[in-house]
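In case you want the letters, here they are:
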Amino acid sequence: MIRVLLAEDQAMVRGALVSLLGLEPDIEVVGEAASGPEAVAVAREVRPDVALLDIEMPGGDGITAAAMIREEVPDCRVVILTTFGRPGYLRRAMEAGAVAFLVKDSPASELAAAVRRVRRGERVIDPDLAAVALSAGPNPLSPRERDVLAAAADGSTVGDIAGRLHLSEGTVRNYLSSAIHKTHARNRIEAVRRARSQGWL
């Protein structure tokens, strides 16, 4: 029996996925969560074989939860589910230790097959998304540029960002300028929007 944790913030979608997986004779959903931190806590408690994580959840995304689950429950194989087929998400998910990345509009039979495949040690990536990710290239933003751009997303001033990230205001301006240039944006708001649309933030 393959023991599965399912983390999805939308209760109706989570319930439907639990029901679908419950029809499989060799798959048992042993835990459910509605947020990233809850997924990590449940994984720590139930020690699943496979964790299915939505990428967009409150309190921390599925990619962050994937990294924490891989660290705390190393035998658990992580599958990222998303409605957003953004190439940057795929790359970040793989870097966080996910072994599968599937879009939610895939047929239910593919989800069950993916659970079985990752349990056997295989990687499963949506082929269309893989092709787009390969053609898009790597994330051009450095980790620090991502931090500064993410901190700027709420409209914070340069001074606020500098204080929060323990950087000088000049350094924050340099990182913002670089991020704006690398995203081919006109200003930081547009840079945030472009980086998010690519899955770089």
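Provided above is the structure to which this section pertains.
Figured I'd write up the structure that's included with this text.

Conventions we followed
Residues numbered from 1 in each chain as written. Predicted model: local features only at pLDDT ≥ 70, side-chain atom pairs only at ≥ 80, totals over all residues. Heavy atoms only, no water. Buried < 20%, exposed > 50% of the residue type's maximum accessible area, 1.4 Å probe, protein only. Helix = DSSP H or I, 4+ residues; strand = E, 2+ residues; numbered from the N terminus. Pairing = 2+ DSSP bridges.

## So, the pairing of strand 4 (residues 77–82)
Of all six residues making up strand 4, six are buried, and the element is well covered by its neighbours. Burial of the side chains of strand 4 extends over both faces: R77, V79 and L81 are buried on one face and V78, I80 and T82 on the other. Sheet topology places strand 3 (residues 50–54) next to strand 4; five bridges connect them, and they run parallel. Bridged to V50 within strand 4 is R77. In this structure, strand 4 lies alongside strand 5 (residues 100–103), joined through four bridges in parallel fashion. Across the sheet, the residue bridging to T82 is V103, located in strand 5.

## Focus on unusual backbone geometry
Of note in this structure, H166 is not a glycine but carries a positive phi near 60 degrees. Looking at the element boundaries, H166 is found in the loop between helix 8 (158–165) and helix 9 (169–182). We classify H166 as exposed; its relative accessible area is 71%.

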